[in-house]
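# Fold and contact review
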Amino acid sequence: MKKEAVIPVAIEHEMQDSYLDYAMSVIVSRALPDVRDGLKPVHRRIMYAMDNLNLVPEGPFKKSATIVGDVIGKYHPHGDAAVYDSLVRMAQNFNLRYCLVEGHGNFGSIDGDPAAAYRYTEARMSPISIEMLKDLDKDTVDFSDNFDGSLQEPSVLPAKIPNLLVNGSTGIAVGMATNIPPHNLSEIIDSLVTLIDAPDTDNEELIKLVKGPDFPSGGLIMGLQGCRDAYRTGRGSITLRAKTELEVNGKKQTIIVSEIPYQINKTKLIEQIADGIKNGKISHISDLRDESDRNGMRIVIELASGANSQLVLNQLFKHSNMQCTFGAIMLALVDGAPKQLTLEEMLKYYLEHRKEIVSRRTVFELTKAKDRAHILEALIKAIDFIDEIIAIIRASKDRNEAEKKLIKRFKFTKIQANAILEMQLQRLTGLQKIKLEQEYAQLIKMIAFLEDLLESPRRIMDTIKQELLEIKKKYGDKRKTRIITEGPQEFDIEDLIPEEKVTVTLTDNGFIKRSAASANKPVSDIPQQSGNEVQCLTTTHHYLFMLTNLGKIYRLKVHEMPENSKQGRGTAPINMAPLTAGERVIYIFALKQLTEKYAVTLITKQGYIKKSLLRDYEGARKAGIIALKLEEGDEVTSARMTGANDSFEFIAISAAGGSTLFNTETLKTMGRVSKGSKIFKIDGKDRIKCLLNPEGGKELIVVSENGFGNRISIHQYRLPGKAGRRTDIMKINLKQDALADAVMANKNDTVVIETIHGNSSEILVMDILTAGRSRKGEKLLELSANEKVSGVYVKNAE
């Protein structure tokens, strides 16, 4: 027994070699198109198999299962699904600009519906695919063995149409991908003709002729830059947009979408728009429906009354695939290797291919013509000597002897002698001789023409030009995709919204109200506060920022808020921001943008204080951003916005009557997610209740939940002036009572005390007794059972 040799191989070398073999197989044999005919092997094999099955455009359809079986059985050693999917795509007029297959049955839709199984559908070649195969039988291309060596298949098709640019191609190989957009046949042929007439035409001149891709689904191309980048470098980002039209019927406005970007699923687009309406990204739409039918696409978007149609369109383009990007990658196989190509290179490679096809076709036709002329010479001569020829044939004992005698007597070649021996008797008539002489004369002219054609490269190019112009006349059409040369505009929605002065108010009951402001009132960045109510004088172009008790900041444009009357209660914040359970807005401010010019001071229930620059919250979005880190069970109770370098004093008061006075200038600026420092010690169930500006008045009025109150003169009783120190301003037992609210007022002002049941009571500041800090104060109002004070605010004296 012969001993087998064992050759040690390093596994890394074997893995490298095997992977490279696999990668090249995918690149060359599956994923990338050939620059000459623009086809991948599977598409080429499908068309060749259909040609062999004689599935011509004027013939009957044949089951797709027959075509798929023929392809995988003879040429394509892969699964039937891959072949059928490719066949289906070649028949879809929303994927290919010029379909190469005519389908009969369900071949899918732009809604993403899959094609029926191949046992149900039928197909045949389209007229334009015949142009791809024309002259295949004239030795114009090389043939190679199929996967088992039993048959031959073409390595490339003659491709009378520039299919790579006309229909485009997409594919993902190993480490590379191609994404060539489809183009208009007439424009591509015009550029090819220009290149034939003027071979020195550069890429920039060709770009002027090929305006841009022409997608089968139509739509708009926004700007030329992406197209030019693709044609110059082989890569470019092309912005596509749906074609829309505004229908106005009285006060009713409707946006009609009749064309969508290339390779966008219509059903998913509608779902995407519906999701945008649901999550608030797209507004002012009252109805959305699909009225598309066999006559064309029609997506109906009805607008709410008074809606700005341009604003809605901008939202649709921004938040849905009504506007998207096509990333062009002009990658194809050149001499079996992948190469990223410019427009000029793609056109020149195609012309080189056609030049070879026409040359090989001419050689083939010339050979055929010479062979036929050679036989005709013998037939014409034979008629003149027919009697002698017949005598020679009759005197010969077999065919071989007759052949030899004819060759010897008339100097015929073996081919000519065989042609004479096979000649039919009807050729002996005088009329047949005339026909043979006419045919011979025509062949002599054809031979001269073909020989001249082969000797003149210029005439070959003229022939290519003539054939291209015939293709243009036969199949050329108008563009489907319109090009908007100025490019997509930025989504500057404020240009569509008039800038108006408005008042935004956070009310005592937690609602947010937007109402028109007086024209002569100046806009102020610093919000005004009265009790629990916060008011911003701003414009519709500003952002509204909402701070919640859970330490988050939410942002939205002021013009996006519902408009309320001055008497209305406002809108619940949950309708403007994704608040969680138990989350409520406690402070608002409105700015054009967040800068380091302003700061915000936050105080929590557990006694933490933090000052941060508003610039730290520039990442705030509708979804919210964390404003500070809270300990478990803690929450923000008070907030104030000031200038970053301004010196402001504030009084912080707790539920148990503890207080401190601090200056914002002494506070250290902290980062966004820090929790701050302790303002003063908080014991047990105590918590910070309010934050007051001592400049609001000369008297500090504190009121407990049970209706007790105290008045403290700021001038007579100074609070500690440093954060961390505490003094009591009212004696409160948290087991029985708690501080409800506090305000700064003057002696002639009136204090309004409100209860949780909506009742209110007014009392003059001067009528409130001044009690010591160790006392719980005097009874300011009588409360019924389960009634408690909810808040206090000041009515200034006239």
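Notes on the structure in this doc start here. (Residues numbered from 1 in each chain as written. Predicted model: local features only at pLDDT ≥ 70, side-chain atom pairs only at ≥ 80, totals over all residues. Heavy atoms only, no water.)

### Let's talk about the pattern of salt bridges
So the rule is basically this: Salt bridges are defined by distance alone: a side-chain nitrogen of Lys or Arg within 4 Å of a carboxyl oxygen of Asp or Glu. The numbering of helices and of strands both runs from the N terminus, where a helix is a DSSP run of H or I of at least 4 residues and a strand a run of E of at least 2.
Under the criterion given, the structure shown has 45 salt bridges. For lysine 472, the salt bridge goes to aspartate 190, with nearest N and O atoms at 2.7 Å. In this pair, lysine 472 sits in helix α17 (residues 457–475) while aspartate 190 sits in helix α7 (residues 185–197), placing the two residues 282 residues apart along the sequence. Several salt bridges share partner residues, and in doing so they unite Glu247, Lys252, Asp287, Arg289, Glu291, Arg298 and Glu302 into one network.

### Comments concerning the nonpolar core
Proteins that are soluble and globular tend to have nonpolar side chains buried together. Selection rule: Among buried residues, the Ala, Val, Leu, Ile, Met, Phe, Trp, Tyr and Cys ones that are joined through side-chain atoms within 4.5 Å form a nonpolar core. For the exposure calls, accessible area comes from a 1.4 Å probe over protein chains only, and a residue counts as buried if that area is under 20% of its type's maximum, exposed if over 50%, partly exposed in between. Any pair of residues with heavy atoms lying within 4.5 Å of one another is described as a contacting pair.
By size, the foremost hydrophobic cluster in this structure holds 101 residues, and its most contacted members are Met50, Ile301 and Leu316. For leucine 316, the residues in contact, after removing those within four places along its chain, are Ile255, Ile273, Ile282, Ile285, Ile301 and Met322. In this structure, Tyr554, Ala590, Val600 and Met641 belong to the second largest nonpolar core, which totals 39 residues.

### Topic: the sheet that holds strand β12 (residues 285–290)
Our working rule: A pair of strands is labelled paired if DSSP reports no fewer than 2 bridges between them. Fitted lines through C-alpha atoms give the axes, limited to the stretch in contact for helices. The angle between two N-to-C directions lies from 0 to 180 degrees.
Across the sheet, four strands lie side by side as β10-β11-β13-β12; this open sheet has antiparallel pairing. The open sheet terminates on both sides in strands that have one partner only, identified here as β10 (243–249) and β12. Ignoring strand direction, the axes of neighbouring strands in this sheet form an average angle of 20 degrees. Bridging between β12 and strand β13 (residues 299–303) involves five bridges; their strand directions are antiparallel. Bridged to leucine 288 within β13 is isoleucine 301. Packing against the sheet, helix α10 (residues 266–278) makes contact with β12 and β13, and its axis sits at approximately 165 degrees to β12. Taken strand by strand, helix α11 (residues 309–319) contacts β10, β11 (252–259), β12 and β13, and its axis lies near 35 degrees from that of β11.

### Overview of helix α3 (residues 64–74)
Rules: Directions pointing from the helix axis toward each C-beta atom define the arc.
Of all the positions in α3, only Ser64, Ile67, Val68, Asp70 and Val71 are classed as buried. One side of α3 holds all its buried residues, which, seen down the axis, span an arc of 160 degrees.

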